[in-house]
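Chain by chain, the residues:
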Amino acid sequence: MPDPVTILPDTPENRELTATVHPADWVNPEAAPSYNLVVIGGGTAGLVCAAGAAGLGAKVALVERHLMGGDCLNYGCVPSKGVIRAARAVFDARNAGAFGVRGGEGITGDFGAAMARMRTLRAGISRHDSARRFRDELGVDLFIGQGRFVSPESVEVDGVRLNFSRAAICTGARAADPAIPGLAEAGYLTSETVFSLTELPRRLAVIGAGPIGCELAQAFARFGSRVTLVEAAPQILGREDRDAAELLHAALVREGIDLHLGVKIGRVVGRDDGKIVILERDGDLEEIAVDEILVGAGRAPNVEGLGLEAAGIGYDPKVGVMVSDTLRTANPAVYAAGDICSSYRFTHTADAQARILIANALFMGRQKTSALTIPWCTYTDPEIAHVGMYERDALEKGVEVTTLTVPLSDVDRAVLDGETEGFARVHLKKGSDTILGATIVARHAGEMIGEFSLAITNGLGLSAIGRTIHPYPTQAEAIRKLADAWNRTRLTPTVKKVMGAWLEWRR
Ligand SMILES: Cc1cc2nc3c(=O)[nH]c(=O)nc-3n(C[C@H](O)[C@H](O)[C@H](O)COP(=O)(O)OP(=O)(O)OC[C@H]3O[C@@H](n4cnc5c(N)ncnc54)[C@H](O)[C@@H]3O)c2cc1C
């Protein structure tokens, strides 16, 4: 039987979640003499590997030491998006005056109720990742316990040896320890503990203005926390275009978040009036007193205790397991997928890599991860979504670029929705309609970026988007308007003159 796990708070919904993803009465199966595939880690990458391979007829063992569903279900996408949605409802209710809704101004959120809603939804969603489903419906041998390699062709879990012809390392990543003096003693939250809160911290410091930090800072502020967001870099969401990040920056400040960029946290001290975060900037010190500190700065790959040396697998404690473009490790029988080996730490990347892994590990495929087109989205308000190259990437590669931007204030639906903050932007290879990359800043940018992902993945140019009828009025019309803008750039004075002469002649 596995060690019992309690997901806090100890409520019926969390008990239901545990019963689904880490059943206390689970009995590991008897190991088969050998497996086509042994998968270590039951997060997105591991579950897609195991389900996909078993569905194709492979004999599969899956080893998970903690919770099936991994980060995404338990501590990541699912709970965060549940809380963000609730915070958005509070924000919208409070700001509905412009739509003729009276009485919203003083509305406050009920954080406890929002967290309870999230727990209920998470427990419901968890059935897709259920231990019993993998055993009973998919025919996977599920072992709950810590897996580790004991030789180049075997893994051990709870003293049981699993022999494989291929193995998949899908052990993911965790919140990195930020090594700030005094932080551990003062105590802090990470993505693994923040979703267990039942009461709203009155004052919250969020360390790191990457996607996780920005999303949660905004959500907590909307519920009424006094949020301080601290970032060492000079810009939030460092990899996004400066003007995209600035739009979000302005929105966060407007919502009352105290943003400190380009600062270092010297140390943290526990005092009677709270946890004191001491910021350093150019030799100046500033003290901020908070009730809780949430660390959202960086992820560390789960390479420890895996016995990678015993299997001849190369790794770096900061970067993760080293893989080739086809996801193969230094051991030709062992592959990896997901956060453990990817610099694009997203659920959809873990999923896409797992599919490549199945093809390459079990069917002698040669699919390459470098061929993937990976979009992403930060689920703030407005959302910032991106796919493909940024202008700087193209310039670094010596590719000349034409960049077109349509502000949402030019899009009727965005005007009617009162959501004009943002833009759609595309980078084209100069002199052609080849789409190199795109960024969308909009309330539902994550829903819109898929059109560009489809185009890039399938080699469709911007003119194909221009020929596609988009329903009016939608915010996605911004994308079609980019194609119109591109067509206008092709209307050179000579082309205009020739067309004018033709029309004159036809009159
Ligand atoms: C707060 C937050 C919000 C996020 N939001 C989004 C989002 O909106 N969209 C998005 O695409 N991504 C998001 N992510 C990222 C996403 O959760 C990860 O990219 C995804 O979970 C990676 O899946 P994985 O399978 O590689 O790893 P994981 O989900 O981390 O799974 C790895 C599993 O391996 C297990 N394991 C580790 N070592 C062993 C071992 N030795 N033996 C047995 N089992 C082991 C772990 O217990 C874990 O269950 C978010 C992450 C966080 C933290």
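Computed from a predicted structure; not experimentally measured.

A.B. asks: Explain the overall build of the chain residue by residue, including any values.
C.D. replies: Scanning the chain from N- to C-terminus turns up 16 helices and 23 strands. Relative to the globule expectation of 23 Å for 507 residues, the C-alpha radius of gyration of the chain, 25 Å, shows essentially globular dimensions. Overall size of the chain, expressed as C-alpha extent along the three principal axes, is 85 × 60 × 45 Å. Counting the 507 residues in the chain, one finds 50% classified as buried. Put simply, of all contacts in the chain between residues at least 6 apart along the chain, 63% involve residues at least 24 apart. A total accessible area of about 23200 Å² is found for the chain, and carbon and sulfur atoms account for 53% of it. Averaging the coordinates of the 54 positive side-chain charges in the chain and doing the same for the 62 negative ones gives two points 6 Å apart.

A.B. asks: Go over the packing of helix 1 (residues 12-21) against helix 5 (residues 111-125), please, and point to the residues and values.
C.D. replies: The interhelical angle for the contact between helix 1 and helix 5, taken along N-to-C directions, is 20 degrees, at an axis separation of 9 Å. The angle between helix 1 and helix 5 places the two elements in the roughly parallel class. Relative to helix 5, the crossing made by helix 1 is left-handed. Each of E13, N14, E16 and L17 in helix 1 lies in contact with helix 5, whose residues at this interface are R119, T120, R122, A123 and G124.

A.B. asks: Account for the state of the cysteines, naming residues and giving values.
C.D. replies: Using the criterion set out here, one finds zero disulfides in the structure. Just so you know, C49 is unpaired, no disulfide at all, and the nearest cysteine sulfur is the one on C170, 4.1 Å from it.

A.B. asks: Can you break down the site of the ligand residue by residue, with the values?
C.D. replies: Taken together, 38 residues sit near the ligand, with A45, E64, K81, D339 and T347 positioned nearest. Between the ligand and R65, the relevant distance is 3.2 Å, taken from a nitrogen atom to a main-chain nitrogen or oxygen of the residue. Backbone polar atom of F346 to an oxygen atom of the ligand: 3.3 Å apart, as the coordinates give it. If you list the elements that add at least two residues to the shell around the ligand, you get helix 2 (44-55), strand 2 (60-64), helix 3 (70-74), helix 4 (77-94) and helix 10 (347-362). Here the residues of the shell around the ligand sort into 14 nonpolar, 17 polar and seven charged.

A.B. asks: Give a detailed account of the nonpolar core, specifying residues and quantitative values.
C.D. replies: With 61 residues, the main nonpolar core has V39, V60, L62, F149 and I169 as its most contacted residues. Considering each element in turn, this core owes the most residues, seven residues, to helix 2. Core analysis: the second largest hydrophobic core is formed by 38 residues, C214, A219, L229 and L252 among them.

A.B. asks: Quick one: what's the story with the side chain of R480, residue by residue and with numbers?
C.D. replies: Tracing the chain through its elements places R480 in helix 15 (residues 477-490). In this view, R480 contacts I465, G466, T468 and H470; residues no more than four positions away in its chain are not counted.

A.B. asks: So what about the domain arrangement of the chain? Which residues, and what values?
C.D. replies: In many analyses, interface size is given as the accessible surface area lost on bringing the parts together. Along its sequence, the chain is organised into domain 1 (12-78 + 116-175 + 300-371), domain 2 (183-298) and domain 3 (382-491). Using only C-alpha atoms to locate each centre, domain 1 and domain 3 end up separated by 36 Å.

A.B. asks: How would you sum up the sheet that holds strand 21 (residues 401-407)? Please name residues and give values.
C.D. replies: The five strands lie next to each other as 19-20-23-22-21, forming an open sheet whose pairing is antiparallel. Each edge of the open sheet is held by one strand with a lone partner, namely strand 19 (376-378) and strand 21. Across the sheet, the mean angle from the axis of one strand to that of its neighbour is 10 degrees, orientation sign disregarded. In terms of strand pairing, strand 21 meets strand 22 (residues 423-429) through seven bridges, oriented antiparallel.

A.B. asks: Describe the environment of N487, with residues and values.
C.D. replies: Topologically, N487 is positioned in helix 15. Each C-alpha atom of the pair N487 and G305 lies 57 Å from the other, and the pair is 182 residues apart in sequence.

A.B. asks: Any chance you could break down the packing of helix 4 against helix 5 for me, citing the residues and the numbers?
C.D. replies: As a packed pair, helix 4 and helix 5 sit with axes 9 Å apart at the nearest point and diverge in direction by 140 degrees. What the angle tells us is that helix 4 and helix 5 run oblique. Crossing of helix 4 against helix 5: the hand is right-handed. Residues V78, P79, G82, V83, R85 and A86 of helix 4 form the contact with helix 5, whose participating residues are A114, M115, R117, M118, R122 and I125. Class assignment of the residues belonging to the contact of helix 4 with helix 5 gives a composition of eight nonpolar, one polar and three charged.

A.B. asks: How would you sum up the pairing of strand 6 (residues 160-169)? Please name residues and give values.
C.D. replies: Alignment of strand 1 (residues 35-40) against strand 6, held across five bridges, turns out to be parallel. Across the sheet, I40 pairs through a bridge with I169, a residue of strand 6. Pairing geometry for strand 5 (residues 154-157) and strand 6, over four bridges, is antiparallel. For V157, the partnering residue across the bridge sits in strand 6 and is V160. Hairpin connection from strand 5 to strand 6: two residues lie between these consecutive antiparallel strands, with D158 at a positive phi of about 55 degrees. Sheet topology places strand 6 next to strand 18 (residues 334-336); three bridges connect them, and they run parallel.

A.B. asks: I'd love a proper account of the sheet that holds strand 14 (residues 292-295), names of residues and values included.
C.D. replies: Read across the sheet, four strands follow the order 10-9-8-14 without closing on themselves; strand pairing throughout is parallel. Pairing within the sheet leaves two strands with one partner each, and these edge strands are strand 10 (258-261) and strand 14. Sheet twist, expressed as the average angle between the axes of neighbouring strands with direction ignored, equals 15 degrees. Along the sheet face, helix 8 (residues 211-223) touches strand 8 (203-207), strand 9 (226-231) and strand 14 and points at about 165 degrees away from the line of strand 9.

What counts as what
- Residues numbered from 1 in each chain as written.
- Predicted model: local features only at pLDDT ≥ 70, side-chain atom pairs only at ≥ 80, totals over all residues.
- Heavy atoms only, no water.
- Helix = DSSP H or I, 4+ residues; strand = E, 2+ residues; numbered from the N terminus.
- Rg over C-alpha atoms; globule rule 2.2 N^0.38 Å.
- Buried < 20%, exposed > 50% of the residue type's maximum accessible area, 1.4 Å probe, protein only.
- Contact = heavy atoms within 4.5 Å.
- Areas by Shrake-Rupley, 256 points an atom, 1.4 Å probe, with all protein chains shown as cover.
- Lys, Arg positive; Asp, Glu negative; His and termini not counted.
- Charge placed at Lys NZ, Arg CZ, Asp CG, Glu CD.
- Axes fitted to C-alpha atoms, helices over the stretch in contact; angles between N-to-C directions.
- Parallel < 35°, antiparallel > 145°, perpendicular 65-115°, else oblique.
- Left-handed = near helix turned anticlockwise from the far one by under 90°.
- Disulfide = S-S within 2.5 Å.
- Near = heavy atom within 4 Å.
- Polar contact = N/O pair within 3.5 Å; in protein donor to acceptor, adjacent residues only side chain to side chain.
- Nonpolar A, V, L, I, M, F, W, Y, C, P; charged D, E, K, R; others polar.
- Core = buried A, V, L, I, M, F, W, Y, C linked by side-chain atoms within 4.5 Å.
- Domains from an automatic or database assignment.
- Pairing = 2+ DSSP bridges.

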